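# Coordinates in review
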Amino acid sequence: MGCITDFFTYETTKSVVVKSWTIGVINRAVQLLIITYFVCWVFLHEKAYQIRDSSIESSVMTKVKGVGRYSKRVMDVADYVIPPQGSSVFVILTKLITTPDQVQDHCPESDEKYRCTTDSICTRNKPTSNGFLTGRCVSSFCQIQGWCPTENDTVQMPLLMEAENFTIFVKNSVRFPLFDFEKGNLPSSLKCLYHPEKNAFCPIFKLGDIVKYAGQNFTTLADKGGVLSIKIGWMCDLDKSWDLCIPHYSFTRLDSVSEKNNVSQGYNFRFARYFMSADGKEFRTLIKAFGIRIDVLVYGNAGKFNIIPTLINIVAAFTSVGVGTVLCDIILLNFLKGADQYKAKKFEEVRLKKDKGSSSSTTRETNISQI
Ligand SMILES: *[C@@H]1O[C@H](CO)[C@@H](O)[C@H](O)[C@H]1NC(C)=O
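Residues numbered from 1 in each chain as written. Predicted model: local features only at pLDDT ≥ 70, side-chain atom pairs only at ≥ 80, totals over all residues. Heavy atoms only, no water.

## Side note on the site of the ligand
For the ligand, the full set of nearby residues is Met161, Glu162 and Asn165. Interatomic distance of 2.2 Å between a side-chain N/O atom of Asn165 and an oxygen atom of the ligand. In the complex, the protein chains occlude 34% of the 360 Å² of accessible area that the ligand would expose alone. (Near = heavy atom within 4 Å. Polar contact = N/O pair within 3.5 Å; in protein donor to acceptor, adjacent residues only side chain to side chain. Areas by Shrake-Rupley, 256 points an atom, 1.4 Å probe, with all protein chains shown as cover.)

## Notes on the nonpolar core
In this structure, Tyr80, Ile92, Ile168, Ile230 and Ile294 are the most contacted members of the largest nonpolar core, which totals 50 residues. Filtering out sequence-adjacent residues up to four positions away, Tyr80 remains in contact with Val64, Lys65, Gly66, Val67, Met75, Val91, Ile92, Leu93, Leu160 and Phe166. If you look at the next biggest cluster of nonpolar residues, it comprises nine residues, including Cys107, Leu133, Cys137 and Cys148. (Core = buried A, V, L, I, M, F, W, Y, C linked by side-chain atoms within 4.5 Å. Buried < 20%, exposed > 50% of the residue type's maximum accessible area, 1.4 Å probe, protein only. Contact = heavy atoms within 4.5 Å.)

## Here's the deal with the pairing of strand S8 (residues 131-138)
Two elements, S8 and strand S9 (residues 141-148), share five bridges in a ladder whose sense is antiparallel. Its bridge partner lying in S9, Cys137 is registered against Cys142. Following S8, the chain reverses through two residues before pairing antiparallel with S9; Ser139 in that reversal takes a positive phi of roughly 40 degrees. (Pairing = 2+ DSSP bridges. Helix = DSSP H or I, 4+ residues; strand = E, 2+ residues; numbered from the N terminus.)

## Considerations on the state of the cysteines
In this structure the tally under the stated criterion is five disulfides. The side chain of Cys107 participates in a disulfide bridge whose partner is Cys148; the two sulfur atoms lie 2.0 Å from each other. Taking the sign of the torsion about the S-S bond as the criterion, the disulfide between Cys107 and Cys148, at about -80 degrees, is left-handed. Of this pair, Cys107 sits in strand S7 (residues 89-108) while Cys148 is found in strand S9, placing the two residues 41 residues apart along the sequence. Pair check on accessibility: Cys107 and Cys148 agree, each one buried. Disulfide partner of Cys192: Cys202, at an S-S distance of 2.0 Å. Since a negative S-S torsion denotes a left-handed disulfide, the Cys192-Cys202 link at about 85 degrees is right-handed. Highlighted residues: Cys192 in the loop between strand S11 (181-184) and strand S12 (204-206) and Cys202 in the loop between S11 and S12, separated in sequence by ten residues. Residue classification places Cys202 among the buried positions, given a relative accessible area of 1%. (Disulfide = S-S within 2.5 Å.)

## With respect to the environment of His106
Counting through the fold element by element, His106 comes out in strand S7. Taking the C-alpha atoms as reference points, His106 and Tyr342, 236 residues apart in sequence, are found 100 Å from one another. In contact with His106, not counting residues within four places along its chain, are Thr134, Gln143, Ile144, Gln145 and Cys148.

## With respect to helix H2 (residues 21-45)
For H2, spanning 25 residues, the distance from its first C-alpha to its last is 34 Å, which sits close to the expected 36 Å at 1.5 Å a residue. Along its length, H2 reaches its greatest deviation from straightness, about 25 degrees, at Phe38. Taken residue by residue, H2 has Ile23, Val30, Ile34, Phe38, Val42 and Phe43 as its buried positions. The secondary structure elements touched by the buried residues of H2 are strand S1 (16-19), helix H7 (307-321) and helix H8 (323-334). A positive phi of about 50 degrees marks Lys47, the residue just after H2. (Expected span 1.5 Å × (residues − 1). Bend = angle between axes of the 7 residues up to and from the residue.)

## Thoughts on the packing of aromatic side chains
With the rule as written, the count across this model stands at 16 aromatic pairs. With a centroid separation of 4.2 Å and an interplanar angle of 15 degrees, the aromatic rings of Tyr80 and Phe166 are classed as stacked. Of the two residues, Tyr80 is situated in helix H3 (residues 77-80) and Phe166 in the loop between S9 and strand S10 (167-176); the sequence distance between them amounts to 86 residues. We note that Tyr80, like Phe166, is buried. Through a chain of ring-to-ring contacts, three or more aromatic side chains come together here, namely Tyr194, Phe205, Tyr213, Tyr249 and Phe251. We note Lys95 situated over the ring of Phe290; from NZ or CZ to the ring centre the distance is 4.4 Å. (Phe/Tyr/Trp six-rings, centres within 6.5 Å; stacked < 30°, edge-to-face > 60°. Lys NZ or Arg CZ within 6 Å of the ring centre and 35° of its normal.)

## Notes on the pattern of salt bridges
Counted according to the given criterion, the structure contains 13 salt bridges. Where Arg270 meets Glu151, a salt bridge forms, and the shortest distance between an N and an O atom there is 2.9 Å. Of the two residues, Arg270 sits in strand S15 (residues 268-276) while Glu151 sits in the loop between S9 and S10, which places them 119 residues apart along the sequence. Salt bridges sharing common partners tie together Glu151, Asp153, Arg270 and Lys288. (Salt bridge = Lys/Arg side-chain N within 4 Å of Asp/Glu carboxyl O.)

Following this line, the structure appears as structure tokens:
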């Protein structure tokens, strides 16, 4: 029975005005803090009155320039840039281990693992990194069938040091589909070289500078190979002028994990160039290439004023001002002098009497003055 009467009750809000300096100051201070937070951070800094488009569409074209000397020949762009299409990911070769005049033949394997004294350990048809074993032991190495002679990649090769002075030109155009806004990264003149302070909008970068800005050492990177990124950031406020939507460049090393790792350090890959001799025999030059790979990454977002997020955030701001009440209540009912009195005034139970009693009015205001 008691449960049921407890359930069928109604709670209504009653205003209790507390005339206390302490709680009054706390209340206004909390409200001021919340309003300041919304105005300064949410609206002015985070621009909550805008809608944002972060689905940036972008195209990147690159062009490398420069020549260098490498093992008695001059290398130009066609020799050291792979792939040649000018895409956003490309490699500038800095060290080459070449194995010329390979033909399909039988020859001894170069790997120490296949050192032998008798035919018995050279299992016939077993694959190695260079070909298939023939089952014979020739000149203290197992013989293979494949491209011969096999590569010896333990030789010391020089570096293409001039690569430090090669320049990379990056052409980037972006579009924000939500606002149908397009822009490119080209300044009025291209007679320039990127510098973070003096020439921050020039899209021509020296490879040595990129390595330096990414915090790397050029010689080590060129020797082992590695992956660097040119990041282009577009943070645009489309409520402001068109000229103020500008790219920001930054540089990092992307494969820094592989650098710290002892296995598989750096970046290298193999490719071959094929030739045909006059008598119709095919031969090739195998190249193990070490290089600096550049990935051009584009990111960004654009914002523009819109009434819907503005309204939502204004409502959120007003609602949040009420949060101050919760804090003041906690202080008022627990920590302030005379808390018991406040409690008694705040929580009041009202029972309707049969006769025309005085306590039937539930909206009465109670004024409490601090003792
Ligand atoms: C790069 O260019 C500078 C200035 O032109 C020159 O002093 C330097 O020797 C060059 N570096 C290499 C590795 O050729």
